[in-house]
Amino acid sequence: MDTIILGIESSCDDTSAAVIRDGVLLSSVIASQAVHEAYGGVVPELASRAHQQNIVPVVHEALKRAGVAKEQLSAVAFTRGPGLMGSLLVGVSFAKGFARALGIPMVDVNHLQGHVLAHFIKESEADHDQPHFPFLCLLVSGGNSQIIRVNAYNDMEVIGQTIDDAAGEAIDKCSKVMGLGYPGGPIIDRLARQGNPGAYIFSKPHIPGFDYSFSGLKTSFLYSLREWVKEDPDFIEHHKEDLAASLEKTIVDILMDKLRAAVKATGIREVAVAGGVSANNGLRNAFREHASKYGWRIFIPKFGYTTDNAAMIAITGYFKFLDKDFCTIDKPAYARVTIK
Ligand code: KG4
């Protein structure tokens, strides 16, 4: 019998549902929340309310597009954490209630594990370009910057992580001080393509091992900007492309320096990137350059799988389902946790 998993994601500001049959994606629906744009960041209470409005139509649409009746589902997989508690509660409660009503297993998914396993989503039976174990995954999002050693679908080890801000958070905050919109990542990316990455030099951290730090860069960016704006009030407007390109280059260099060190130390040359910041063109280019220069076998997700989506939750749920790793109804959502 086919294994058909419904995945549900609601950890932040995207309500998403996806259906996967035997590891192959049948549908993926995402309702993004424009309501936060006016506030320059996600407002948790508004996010939670929007999830409540979106969850039923999004699940309905995912099942419809997949051509799957709810009675055909084998299990419901859902993001249990980490994320915003009010947002998580909507998806978790819906998923548990739906699974219970259908009398099928519920599978809880760690959102971060989902980002990593997005590399195993197949869009067709013939889709086989997937990493081999063990591989390294650079997970870079608004909340995380980690280097993960992935030994198996369900066996991941964080070998390096940020000790303060995440890379995406640093980009978003620097974009905010430049008076650009939210989220800053895609705006910085777009501007950076037209700027000179060598125009400005920002400080890089000296942290031992494979750990990251981005708070010093953020401060250095802010202080430099203040000085320049004092001398020329229109400085940002006149130099935003060069500022974006230099900032992006600094962040990409910091990320790649540690990743290169991790590859050297572990001898693992299969290297993937995941999370929202993996949409960044500078980072993607750096991955390609490293592949040709150092012989890495690289895995860069399609744009649709970089940011939050339920397809990655469904595929993770699929592997956990095969392991009979189910969740019980009493297990609560969790706001904070890393990959185990
Ligand atoms: O994984 P994600 O969607 O959400 C979580 O943080 O869980 O990542 C969002 C982050 C934000 O900081 C956003 O600015 C960043 O990913 N981002 C980008 C790009 N697209 C999204 N950063 C750089 N370049 C991009 N093209």
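Sequence order as written defines the numbering, with residues in each chain counted from 1. Per-residue local features are limited, in this predicted model, to residues with pLDDT of at least 70; the limit for side-chain atom pairs, both in listing and counting, is 80 or more; totals at the level of whole chains, interfaces and linings are taken over all residues. By convention in this description, side-chain values take in all heavy atoms of the structure and omit both hydrogens and water.

**Q** Honestly, the overall build of the chain in this entry has me stumped. Any pointers?
**A** A tally of helices and strands in the chain yields 9 helices and 10 strands. Compactness check: the chain gives a C-alpha radius of gyration of 20 Å against a globular reference of 20 Å for 340 residues, within 12% of the reference. Principal-axis analysis of the C-alpha atoms gives the chain an extent of 65 × 45 × 35 Å. Counting across all 340 residues of the chain, residues that qualify as buried make up 53%. Residue contacts are defined here by distance: any two heavy atoms, one from each residue, within 4.5 Å place the two residues in contact. Of the contacts formed within the chain by residues at least 6 apart in sequence, a portion of 73% connects residues at least 24 apart. For the charge count, each Lys or Arg is scored as positive and each Asp or Glu as negative, with His and the chain ends excluded. In this description, the location of a charge corresponds to atom NZ of lysine, CZ of arginine, CG of aspartate or CD of glutamate. Where the 34 positive side-chain charges of the chain centre and where its 38 negative ones centre are 3 Å apart. Runs of H or I in DSSP of at least four residues are treated as helices and runs of E of at least two as strands, each being numbered from the N terminus. When we talk radius of gyration, it's over C-alpha atoms, and the globule rule is simply 2.2 Å times the number of residues to the 0.38. Here's how the labels work: a residue is buried when its accessible area is under 20% of the maximum for its type, exposed when over 50%, partly exposed in between, all with a 1.4 Å probe on protein chains only.

**Q** I would appreciate a short explanation of the layout of surface pockets in the present structure.
**A** Take a probe with the size of a water molecule and roll it over the atoms, and the empty space left behind shows itself. The rule is simple: put a 1 Å grid over the protein atoms alone, call a set of points where a 1.4 Å probe fits but cannot get out a cavity, call an open set with protein on both sides within 12 Å along at least five of seven lines a pocket, and count a residue as lining if it has an atom within 4 Å of a point. Grid points are joined across faces, edges and corners, and a volume is the space filled by probe spheres set on the points. Volume-wise, the second largest pocket comes out at about 330 Å³. As for the second largest pocket, its lining consists of 19 residues, and the residues nearest its centre are Lys249, Val252, Asp253, Gly282 and Glu289. Here the lining of the second largest pocket takes 8 residues from helix H7 (residues 235–266), the largest share from any one element. In terms of residue class, the lining of the second largest pocket is built from 7 nonpolar, 4 polar and 8 charged. Each residue receives one of three labels: charged for Asp, Glu, Lys and Arg, nonpolar for Ala, Val, Leu, Ile, Met, Phe, Trp, Tyr, Cys and Pro, and polar for the others, Gly being one of them.

**Q** Is there a simple way to explain the state of the cysteines in this structure?
**A** The term disulfide refers to a covalent linkage connecting the sulfur atoms of a pair of cysteines. The disulfide criterion used throughout: a pair of cysteine sulfur atoms within 2.5 Å. Applying the stated criterion across every chain, the model contains 0 disulfides. As a non-bridged cysteine, cysteine 12 has cysteine 137 as the owner of its nearest cysteine sulfur, 19 Å distant.

**Q** Any chance you could explain the sheet that holds strand E10 (residues 297–299) here in plain terms?
**A** One key point about sheets: their strands pair by backbone hydrogen bonds, in either a parallel or an antiparallel sense. For two strands to be treated as a pair, DSSP must find at least two bridges joining them. The mixed open sheet is built from 5 strands, whose spatial order is E8-E7-E6-E9-E10. The open sheet is flanked by strand E8 (155–161) and E10, the only strands paired with a single partner. Here the average twist between neighbouring strands, direction ignored, is 25°. Sheet topology places strand E9 (residues 270–274) next to E10; 3 bridges connect them, and they run parallel. Looking across to E10, one finds that alanine 272 is bridged to phenylalanine 299. In this description, a line fitted to the C-alpha atoms serves as the axis of each element, helices being fitted only across the stretch in contact, and the angle between N-to-C directions of two axes falls anywhere from 0 to 180 degrees. Of the strands in this sheet, strand E6 (135–140), E9 and E10 are in contact with helix H8 (residues 281–294), which crosses E9 at around 180°.

**Q** Explain the packing of helix H4 (residues 167–177) against helix H5 (residues 184–192) here, please?
**A** The relative placement of two packed helices is expressed as an angle between their axes plus a distance between the axes. With their axes 8 Å apart at the nearest point, H4 and H5 run at an angle of 75° to one another. Between H4 and H5, the angle is such that the two are roughly perpendicular. Where H4 abuts H5, its residues Ile171, Asp172 and Ser175 lie against Gly184, Gly185 and Ile188. Among the residues forming the contact of H4 with H5, the class breakdown is 2 nonpolar, 3 polar and 1 charged. When an angle is under 35 degrees it counts as roughly parallel; over 145 it counts as roughly antiparallel; between 65 and 115 it counts as roughly perpendicular; any other value is oblique.

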